[in-house]
Amino acid sequence: MVYTIIVHLQAKPEHVEEVKAKLTEAAAVYRQDKETLDWHVMQDPKDATKFAIVERYEQESSQQYHLNNPYWKTFDPFVVPKLAKRMDLTRWEEM
């Protein structure tokens, strides 16, 4: 069963381009993780400060490869201070 994480985040207006670049970079890195099916990043066409990430893994335990990737330790410290509010993360199992 495919395990999916959906994250919504909103950048502070002055940090949109920095957050966008980091998300694009992160997608390229995380797509290479073992048992990662895909790692999509989207931007709201009506509000450039809003982004969504859809992370798809072979199974829930596959997330360990993502969390153990050294890049992960750089992501939150860079992105979190640039956000207007906390990330909203939900977990799903595809049907």
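Attention here is on the structure that accompanies the text. These figures come from a predicted structure and were not determined experimentally.

So, how was this worked out
- Residues numbered from 1 in each chain as written.
- Predicted model: local features only at pLDDT ≥ 70, side-chain atom pairs only at ≥ 80, totals over all residues.
- Heavy atoms only, no water.
- Buried < 20%, exposed > 50% of the residue type's maximum accessible area, 1.4 Å probe, protein only.
- Helix = DSSP H or I, 4+ residues; strand = E, 2+ residues; numbered from the N terminus.
- Pairing = 2+ DSSP bridges.
- Axes fitted to C-alpha atoms, helices over the stretch in contact; angles between N-to-C directions.
- Contact = heavy atoms within 4.5 Å.
- Parallel < 35°, antiparallel > 145°, perpendicular 65-115°, else oblique.
- Left-handed = near helix turned anticlockwise from the far one by under 90°.
- Nonpolar A, V, L, I, M, F, W, Y, C, P; charged D, E, K, R; others polar.
- Core = buried A, V, L, I, M, F, W, Y, C linked by side-chain atoms within 4.5 Å.

Side note on the pairing of strand 1 (residues 3–10)
Then step 1. Among the eight residues in strand 1, six count as buried, and that is most of the element.
Then step 2. Bridge count for strand 1 against strand 4 (residues 88–93) is six bridges, and the pairing is antiparallel. Following the sheet pairing, Thr 4 is matched in strand 4 by Trp 92.

A closer look at the sheet that holds strand 1
Then step 1. Within the open sheet, the four strands sit side by side as 2-3-1-4. Their pairing is antiparallel. Strands at the two margins of the open sheet, each flanked by one partner only, are strand 2 (36–43) and strand 4. Neighbour to neighbour, the strand axes of the sheet diverge by 15 degrees on average, direction disregarded.
Then step 2. Sheet topology note: the strand 1/strand 3 (residues 50–57) ladder contains eight bridges and is antiparallel. Its bridge partner being in strand 3, Gln 10 is matched across the sheet by Lys 50.
Then step 3. The sheet contacts of helix 1 (residues 16–30) involve strand 1, strand 2 and strand 3, and relative to strand 2 the element is tilted by about 165 degrees.

Some remarks on the packing of helix 1 against helix 3 (residues 72–79)
Then step 1. Relative orientation of the contacting elements helix 1 and helix 3 amounts to 165 degrees, with a least axis distance of 11 Å. The pairing of helix 1 with helix 3 is recorded here as roughly antiparallel in orientation. The handedness of the crossing between helix 1 and helix 3 comes out as left-handed. Contacts from Glu 18, Lys 22, Leu 23, Ala 26 and Tyr 30 of helix 1 reach helix 3 at Trp 72, Thr 74, Phe 75, Phe 78 and Val 79.
Then step 2. Residue classes in the contact of helix 1 with helix 3 are distributed as seven nonpolar, one polar and two charged.

Some details on the nonpolar core
Then step 1. Of all hydrophobic cores here, the largest spans 19 residues; its most connected members are Leu 9, Leu 23, Trp 39, Phe 51 and Phe 75.
Then step 2. For this core, the secondary structure elements donating two or more residues are strand 1, helix 1, strand 3 and helix 3.
Then step 3. With six residues, the single largest contributor to this core is helix 1.
Then step 4. Setting aside its immediate chain neighbours within four residues, Phe 75 contacts Lys 22, Leu 23, Ala 26, Tyr 30 and Met 87.

Taken by themselves, the reported measurements are silent on function.
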